[in-house]
2 protein chains.
Amino acid sequence: MDLVNTTTLLRQHGVRVTAQRIAVLRAVSDQPHSTADDIDKVVRADIGTISRQAVYDALTALTDTGLLRRIQPAGSPARYENRVDDNHHHLICRTCNCMVDVDCAVGETPCLTAADDCGYEIDEAEVVYWGLCPECATTYRNESTRRKRKDRRV
Amino acid sequence: MDLVNTTTLLRQHGVRVTAQRIAVLRAVSDQPHSTADDIDKVVRADIGTISRQAVYDALTALTDTGLLRRIQPAGSPARYENRVDDNHHHLICRTCNCMVDVDCAVGETPCLTAADDCGYEIDEAEVVYWGLCPECATTYRNESTRRKRKDRRV
DNA sequence: ATCAAAGTATGGATCTAGTCAATACAACCA
DNA sequence: TGGTTGTATTGACTAGATCCATACTTTGAT
């Protein structure tokens, strides 16, 4: 995404255009699933300086206007991605916390129907698949064959 | 759940039986979706004294042995429940954060199949439905008819 | 029943992710 | 090209959770 497009995008969404916001939006686009801290580092390398607060402000503004999506998986700081217009889900590794996108198994506008909505007005179904990524699964198998696990009370 | 059953349950799971753990387990059973802080308060009222650390330790131990399940919804401290053996999901209100259980729409051992598992070994599908609970939905509708919303740049 | 080993509780320090508040600054509209 | 309004910066602050060292319990073995 080039500078002009990024600027236009911000303007279209009624967001004031600042160097910080452009840099934040581009950082997330370049590397989806980044944490605020990741983004802070990237932006700092990119435009020289930015405050931590500005990163949070920009992420909040961009999320509120629908340019970014915030993901807050259990046991991890919030992550951001720019793929906002489809209903996709995430696959997260319990060991290394790496995350990949996965399309919804159900269909177009899926998952929004709970068995019983209890009177709630549901607007989003968030699906997270937890497991082991290929690398961690391999590592785990090797380790468990190598060393015998001894029983341990908790 | 009475004292004897709770004790037996802990022992069956290879967890040492202490007053604190019994109290924690019972507190969660009595009031599912409690936060660590809620539990701390209840247990303190129940057995007189417990350290915050002991609450966390107990919750971790009970979660690790499968007696409790930890839920960590976005924007909320971790919550705990004792309904662990079925695959049920949660409905959370964006406004008041209240949470109710909801059975899985798909079936018995559901949702575990992503469209493409990317080589991951998936062991859990976590589904959270976000929306407005009946009370908050009513409140919201009243407010939005009462005051006109003005456009606001971000 | 008693004892030693191993696990657990306590209190206090510490950490991380994130928010708040005040001032300085920049974007944008007239 | 101001003037208004929103944004960035800095620094203090908070909640939630974890780490550490010491003291205390539980429990299996004697």
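Computed from a predicted structure; not experimentally measured.

1. Looking at the side chain of H90 of chain A
Residue and element names in this part refer to chain A. As for its placement among the helices and strands, H90 is situated in strand β4 (residues 88-93). For H90, a relative accessible area of 2% corresponds to the buried category. At 3.3 Å, the side chain of H90 and the side chain of H88 are in polar contact. Here H90 is in contact with H33, R69, I71, E81, M99, V100, D101, V102, V127, V128 and Y129, once residues within four sequence places are set aside.

2. Let's talk about the packing of helix α2 (residues 19-30) of chain B against helix α4 (residues 52-64) of chain B
Two quantities define a packed helix pair, namely the angle between the helix axes and the distance between the axes. All names here are of chain B. Put simply, α2 and α4 touch, their axes get as near as 9 Å, and they point 70° apart. Relative to α4, the element α2 lies roughly perpendicular. Residue-level contacts link R21, V24, L25 and V28 of α2 to A58, L59, A61 and L62 of α4. Considered class by class, the residues forming the contact of α2 with α4 number seven nonpolar, no polar and one charged.

3. Some points on the pairing of strand β5 (residues 99-103) of chain A
Sheet topology note: the β4 of chain A/β5 of chain A ladder contains five bridges and is antiparallel. Directly across from I92 of chain A, in β5 of chain A, lies its bridge partner M99 of chain A.

4. Thoughts on the pairing of β4 of chain A
The side chains of a regular strand alternate between both faces of the sheet. All names here are of chain A. Counting buried positions along β4 yields six of six residues, so the element is predominantly enclosed. Here β4 shows a buried face lined by H88, H90 and I92 and a second buried face lined by H89, L91 and C93. Linkage of β4 to β5, two consecutive antiparallel strands, is achieved through a turn of five residues, within which N97 is found at a positive phi near 65°.

5. Notes on the sheet that holds strand β1 (residues 34-35) of chain B
Residue and element names in this part refer to chain B. Pairing within the open sheet is antiparallel, and its three strands lie in the order β1-β3-β2. The two strands at the open ends of the sheet, each matched to only one other strand, are β1 and β2 (69-71). One ladder, built from two bridges, connects β1 with strand β3 (residues 79-81); its direction is antiparallel. Bridge assignment links S34 to a residue of β3, and that residue is Y80.

6. A few points about the pattern of salt bridges
Residues and elements named next belong to chain A. Scanning all chains against the criterion turns up 13 salt bridges over all chains. E81 serves as the salt-bridge partner of R69, at 3.3 Å between the closest nitrogen and oxygen. On the criterion of sequence distance, the pair formed by R69 in strand β2 (residues 69-71) and E81 in strand β3 (residues 79-81) is long-range, its members being 12 residues apart. The class for R69 is buried, based on a relative accessible area of 17%.

7. A closer look at the confidence of the model for chain A
For chain A, the mean per-residue pLDDT works out to 83, and 80% of the residues sit at or above 70. The least confident element of chain A is helix α5 (residues 134-146) of chain A, whose mean pLDDT is 72; the most confident is β3 of chain A, at 96.

8. Some details on the environment of T63 of chain B
All names here are of chain B. In this structure, T63 sits in helix α4. Along the primary structure T63 and V43 are separated by 20 residues, whereas in three dimensions their C-alpha atoms are 17 Å apart. Within the structure, T63 has its side chain in polar contact with the backbone oxygen of L59 (distance 2.6 Å).

9. Focus: α2 of chain B
Each turn of an α-helix holds 3.6 residues, which means side chains three or four residues apart point in the same direction. For α2 of chain B, spanning 12 residues, the distance from its first C-alpha to its last is 16 Å, which sits close to the expected 16 Å at 1.5 Å a residue. Inspection of α2 of chain B places R21, I22, A23, V24, L25, A27, V28 and S29 of chain B among the buried residues, and these make up the whole buried set.

10. Some points on empty space enclosed by the protein
By the definition in use, this model includes one cavity of 30 Å³ or more. The calculated volume of the largest cavity comes to roughly 90 Å³. As for the largest cavity, its lining consists of Q72, P73, A74, E126, V128 and W130 of chain A together with Q72, P73, A74, E126 and V128 of chain B. Among the elements that make up the lining of the largest cavity, the one with the highest residue count is strand β6 (residues 121-132) of chain A (three residues). Tallied by class, the residues present in the lining of the largest cavity amount to seven nonpolar, two polar and two charged.

11. With respect to helix α3 (residues 36-47) of chain B
Residue and element names in this part refer to chain B. Under the 1.5 Å per step criterion, the end-to-end length of α3 is 16 Å for 12 residues, consistent within 8% with the ideal 16 Å. When α3 is considered as a whole, its buried residues turn out to be A36, I39, D40 and V43. Along the axis of α3, the buried positions cluster into a sector of 105°, meaning they face one direction only. When the buried face of α3 is taken as reference, the exposed residues oriented beyond 90 degrees from it are K41 and A45. At its buried positions, α3 is contacted by α2, β1, α4 and β3.

12. Examining the packing of α2 of chain B against α3 of chain B
Residues and elements named next belong to chain B. Between α2 and α3, whose axes approach to 9 Å, the crossing angle comes to 120°. Viewed along their axes, α2 and α3 adopt a mutual orientation that is oblique. Along this stretch, α2 crosses α3, giving a crossing that reads as right-handed. Touching A19, Q20, A23, V24, A27 and V28 of α2 are I39, V42, V43, D46 and I47, all from α3.

Conventions used here
- Residues numbered from 1 in each chain as written.
- Chains lettered and ligands numbered in written order.
- Predicted model: local features only at pLDDT ≥ 70, side-chain atom pairs only at ≥ 80, totals over all residues.
- Heavy atoms only, no water.
- Helix = DSSP H or I, 4+ residues; strand = E, 2+ residues; numbered from the N terminus.
- Buried < 20%, exposed > 50% of the residue type's maximum accessible area, 1.4 Å probe, protein only.
- Polar contact = N/O pair within 3.5 Å; in protein donor to acceptor, adjacent residues only side chain to side chain.
- Contact = heavy atoms within 4.5 Å.
- Axes fitted to C-alpha atoms, helices over the stretch in contact; angles between N-to-C directions.
- Parallel < 35°, antiparallel > 145°, perpendicular 65-115°, else oblique.
- Nonpolar A, V, L, I, M, F, W, Y, C, P; charged D, E, K, R; others polar.
- Pairing = 2+ DSSP bridges.
- Salt bridge = Lys/Arg side-chain N within 4 Å of Asp/Glu carboxyl O.
- pLDDT = per-residue confidence, 0-100.
- Expected span 1.5 Å × (residues − 1).
- 1 Å grid on protein atoms, 1.4 Å probe; cavity = no way out; pocket = protein on both sides within 12 Å on 5 of 7 lines; lining within 4 Å.
- Points joined across faces, edges and corners; volume = space filled by probe spheres on them.
- Arc of directions from axis to C-beta.
- Left-handed = near helix turned anticlockwise from the far one by under 90°.

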